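# Structural overview for review
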Amino acid sequence: MADEALFQFLHSELIQYIYKSGANGETENGKNITKLEAMGFRVGQGLIERFTKETPRFKDELDVMKFICKDLWTCLFKKQIDNLRTNHQGIYVLQDNSFRLLSQLSAGKQYLEHAPKYLAFTCGLVRGGLSDLGLKSVVTAEVAGMPACKFQVMILKA
């Protein structure tokens, strides 16, 4: 329980640091989200290297996505992803009905505009993990109602 609180605090402080170090403005907001996503990318690569050291190779990209949804998500957020959907053409939707990094925000509609900065690091984390497993991807997130969110993963074909 303590490690979960530390991760949430570190994540929150990371966001505050990135946003306070830059100037205010719409273009700066995009740069800040890119910085958070890049940090998450590197962390995702490192975590996957560590977690898959003793794991046999995955058969296909669906097995990789299942690993992300079960093992990686459990390690980071102490629960599995609530729902994984795919169209079997390289697009996956990961749904978390109580995303821990959004649970600290109020459920009001006025806080939806702050959600992207709390999701950028995790998008990078997933993209970095997939990259380390040999899958280039684009990861986006959306929030319809707090604290539920959906991560859309589009696997790019080489």
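As shown above, the structure is provided for reference.
Keep in mind that what you see is a predicted model, and the values were worked out from it rather than measured.

### Let's talk about the pairing of strand E1 (residues 83-86)
Where E1 and strand E2 (residues 91-96) come together, 4 bridges link them in antiparallel fashion. From the neighbouring strand, Arg85 faces E2, where its bridge partner is Val93. As consecutive antiparallel partners, E1 and E2 are separated by 4 residues, and within that stretch His88 has a phi angle of approximately 60°, a positive value.

### Section: the packing of aromatic side chains
Taken as a whole and assessed by the stated rule, the structure comprises 6 aromatic pairs. Ring geometry for Trp73 versus Phe77: centroids 4.9 Å apart, planes at 55°, classification tilted. Taken as a pair, Trp73 and Phe77 lie in helix H3 (residues 61-77) at a separation of 4 residues, close to a single helical turn. Per residue, the accessibility class of Trp73 equals that of Phe77, and both read buried. Centroid distance Trp73 to Phe99: 6.1 Å. Interplanar angle 40°. Geometry classified as tilted.

### Looking at the sheet that holds E1
Across the sheet, 4 strands lie side by side as E1-E2-E4-E3; this open sheet has antiparallel pairing. At either end of the open sheet lies a strand with only one pairing partner, and these are E1 and strand E3 (137-142). For this sheet, the mean angle separating the axes of adjacent strands, direction not counted, is 15°. The pairing of E2 with strand E4 (residues 149-155) spans 6 bridges and is classified as antiparallel. Each residue of the ladder has a partner; that of Gln95, found in E4, is Lys150. Contacts from H3 reach E1, E2 and E4 within the one sheet, and its direction differs from that of E2 by about 15°. The strands touched by helix H4 (residues 115-132) are E3 and E4; relative to E3, the strand with the most contacts, the crossing angle is about 155°.

Definitions and cut-offs
- Residues numbered from 1 in each chain as written.
- Predicted model: local features only at pLDDT ≥ 70, side-chain atom pairs only at ≥ 80, totals over all residues.
- Heavy atoms only, no water.
- Pairing = 2+ DSSP bridges.
- Helix = DSSP H or I, 4+ residues; strand = E, 2+ residues; numbered from the N terminus.
- Phe/Tyr/Trp six-rings, centres within 6.5 Å; stacked < 30°, edge-to-face > 60°.
- Buried < 20%, exposed > 50% of the residue type's maximum accessible area, 1.4 Å probe, protein only.
- Axes fitted to C-alpha atoms, helices over the stretch in contact; angles between N-to-C directions.
- Contact = heavy atoms within 4.5 Å.

By themselves these figures say nothing about function.
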